[in-house]
Amino acid sequence: MPDYTLSDDLSLALALAAAADLVSIDRFRAADLRVTTKPDRTPVTDADQATERIIREGIEAARPADSILGEEYGGERRAGRQWIVDPIDGTANYLRGVPNWGTLIALAIDGVPVVGVVSAPALRQRWWAARGHGAFTAEPGGDPRALRVSGVASLADASVSYNSLKGWDEVGRIDDAIALSRAAWRSRAIGDMWAYMLLAEGALDVVSEFDLQPYDMAALIPIIEEAGGRFTSVDGTPGPWGGSALATNGLLHEETATLLGRA
Ligand code: IPD
Ligand code: CA
Ligand code: CA
Ligand code: CA
């Protein structure tokens, strides 16, 4: 089996994201966008499906021995090399014409995400990381900038995003969302991949939500961790296999986990 370096895999993930962007941005705000409802009663568009197909084709051509887990075309959790893909994170935004959506591509090795790329063409920004090689962001045609989380050390000074109040209510933890908002300097419901990337940039300090799938998180984790942050479930266990998310700048992790562990 060929021996790929992390740089090779990151280059592939960035190329896949560039190809995906052409498909997804072409259908954004299209008058004939087709929206259907999945068996889990969540919406999906023809753009989610077409974007995942082009990413899968690229992986199958370049890394035929690797497994793939994607939101729209499935796959099982596997050991070894596995690509984890959310073709459009933020479908609810995409179908309403809100630019907060992006393509998430991760490579996990034995369940540990080692490469992550988040590409948000409607926001004109991309973020990426490979484990041990730092995290970066760039606008189209611009120079990459290193990502670094904030130095905010107290929740009282922190900007937090709880992402979806409804999500906290659905797991019976609305009191925790309110407690987190009360403890923070500012609270936001930015949602989807953008909240996590703002955390990696140092523009938000805590992001937390419930009921995520592996493809919602895998690409975020190397970017946040390489930017100096921490990503666990709300109860402190490491990702990325779904459930809740608690992402912080690291300095605020214990204070936030303690507050959320109260209930
Ligand atoms: C959604 C986003 C959102 C989260 C939802 C997910 P999708 O993914 O990750 O942030 O709160 O639970 O379903 O369906 O837009 O890829
Ligand atoms: Ca998602
Ligand atoms: Ca999605
Ligand atoms: Ca979805």
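Residues numbered from 1 in each chain as written. Chains lettered and ligands numbered in written order. Predicted model: local features only at pLDDT ≥ 70, side-chain atom pairs only at ≥ 80, totals over all residues. Heavy atoms only, no water.

The name an unreviewed UniProt entry gives the protein is Histidinol-phosphatase, with Galbitalea soli as the organism. The Sequence similarities (unreviewed entry) field of the UniProt record for the protein holds the comment "Belongs to the inositol monophosphatase superfamily." The annotation that UniProt attaches to the protein under Function (unreviewed entry) is "Catalyzes the dephosphorylation of histidinol-phosphate to histidinol, the direct precursor of histidine." (UniProt positions renumbered as here; feature names shortened; annotations may be inferred.)

1. Focus: the nonpolar core
Ranked by size, the top nonpolar core spans 34 residues in total, and within it Val 118, Trp 127, Tyr 196, Leu 220, Ile 223 and Phe 231 carry the most contacts. Those elements giving two or more residues to this core turn out to be β5 (102-109), β6 (112-120), β7 (125-130), α6 (192-201), β12 (206-212), α7 (214-217), α8 (220-226) and β14 (243-248). In terms of residue count, the dominant contributor to this core is α6 (seven residues). Among the nonpolar cores identified, the runner-up in size contains 19 residues, and Leu 10, Ile 59, Ile 105 and Ala 138 belong to it. (Core = buried A, V, L, I, M, F, W, Y, C linked by side-chain atoms within 4.5 Å. Buried < 20%, exposed > 50% of the residue type's maximum accessible area, 1.4 Å probe, protein only. Helix = DSSP H or I, 4+ residues; strand = E, 2+ residues; numbered from the N terminus.)

2. A look at the coordination of the calcium ion (ligand 2)
Taken together, Asp 86 (OD), Asp 89 (OD) and Asp 216 (OD) make up the full set of protein donors to the calcium ion (ligand 2), lying 2.1 to 2.2 Å away. Note that the calcium ion (ligand 2) binds six donor atoms; their angles at the metal cover 59 to 148°, and the shape is irregular. As a motif over one chain, the donors of the calcium ion (ligand 2) read D-x2-D-x126-D. For the pair the calcium ion (ligand 2) and the calcium ion (ligand 3), the metal-to-metal distance amounts to 3.9 Å, and Asp 86 bridges them. Residue Asp 89 is located in strand β4 (residues 81-89), and its partner Asp 216 is located in helix α7; the two are separated by 127 residues in the primary sequence. Of the two residues, Asp 89 and Asp 216, neither departs from the other in class, the shared state being buried. (Donors = N, O, S within 2.8 Å, 3.2 Å for Na, K, Ca; no water. Tetrahedral: all angles 85-135°; square planar, octahedral: opposite > 155°, others 65-115°.)

3. A short note on the pattern of salt bridges
Taken as a whole and assessed by the stated rule, the structure comprises 13 salt bridges. The partner of Arg 81 in a salt bridge is Asp 66, with the nearest N and O atoms 2.9 Å apart. With a gap of 15 residues between them, Arg 81 in strand β4 and Asp 66 in the loop between α2 (46-62) and β3 (67-70) connect regions that are remote in the sequence. Take Arg 81: its relative accessible area is 15%, and that puts it in the buried class. A salt bridge links Arg 173 to Asp 176; the nearest nitrogen and oxygen atoms lie 2.8 Å apart. Note on Arg 173: relative accessible area 22%, which makes it partly exposed. Residue class for Asp 176 comes out buried when judged on its relative accessible area of 1%. Here the salt bridges share partners, and the residues they tie into one network are Asp 9, Arg 63, Asp 66 and Arg 81. (Salt bridge = Lys/Arg side-chain N within 4 Å of Asp/Glu carboxyl O.)

4. Some thoughts on the packing of helix α5 (residues 174-183) against helix α9 (residues 253-260)
Put simply, α5 and α9 touch, their axes get as near as 9 Å, and they point 140° apart. Considering the angle they form, α5 stands oblique to α9. Considering the relative orientation of α5 and α9, their crossing is right-handed. Across the interface between the two elements, Asp 176, Ala 179, Leu 180 and Ala 183 of α5 pack against Thr 256, Leu 259 and Leu 260 of α9. When its residues are assigned to classes, the contact of α5 with α9 shows five nonpolar, one polar and one charged. (Axes fitted to C-alpha atoms, helices over the stretch in contact; angles between N-to-C directions. Parallel < 35°, antiparallel > 145°, perpendicular 65-115°, else oblique. Left-handed = near helix turned anticlockwise from the far one by under 90°. Contact = heavy atoms within 4.5 Å. Nonpolar A, V, L, I, M, F, W, Y, C, P; charged D, E, K, R; others polar.)

5. Some thoughts on the packing of aromatic side chains
Across all of its chains, the model carries six aromatic pairs by this definition. On the numbers, 5.3 Å between centres and 45° between planes, the contact of Phe 28 with Tyr 94 is tilted. With a gap of 66 residues between them, Phe 28 in the loop between α1 (6-27) and β1 (35-37) and Tyr 94 in helix α3 (residues 91-96) connect regions that are remote in the sequence. Classification of Phe 28 by relative accessible area gives buried; the value is 11%. Each residue in the set Phe 28, Tyr 94 and Trp 101 is aromatic and connected to the rest through ring pairs, giving one cluster. (Phe/Tyr/Trp six-rings, centres within 6.5 Å; stacked < 30°, edge-to-face > 60°.)

6. Considering the site of ligand 1
By nearness alone, every residue bordering ligand 1 is listed as Glu 71, Asp 86, Ile 88, Asp 89, Gly 90, Thr 91, Asp 192, Glu 209, Asp 211, Leu 212 and Asp 216. The contact in question runs from an oxygen atom of ligand 1 to an N or O atom on the side chain of Asp 86, over 3.1 Å. One nitrogen or oxygen atom from the main chain of Gly 90 is found 2.7 Å from an oxygen atom belonging to ligand 1. In isolation ligand 1 exposes 370 Å². Once the protein is present, 73% of that is buried. The site holding ligand 1 turns out to be the largest pocket. Taken together, the elements giving at least two residues each to the shell around ligand 1 come down to β4 and β12. Looking at the shell around ligand 1, its residues break down into two nonpolar, two polar and seven charged. (Near = heavy atom within 4 Å. Polar contact = N/O pair within 3.5 Å; in protein donor to acceptor, adjacent residues only side chain to side chain. Areas by Shrake-Rupley, 256 points an atom, 1.4 Å probe, with all protein chains shown as cover. 1 Å grid on protein atoms, 1.4 Å probe; cavity = no way out; pocket = protein on both sides within 12 Å on 5 of 7 lines; lining within 4 Å. Sits in = over half its atoms within 2 Å of the grid points.)

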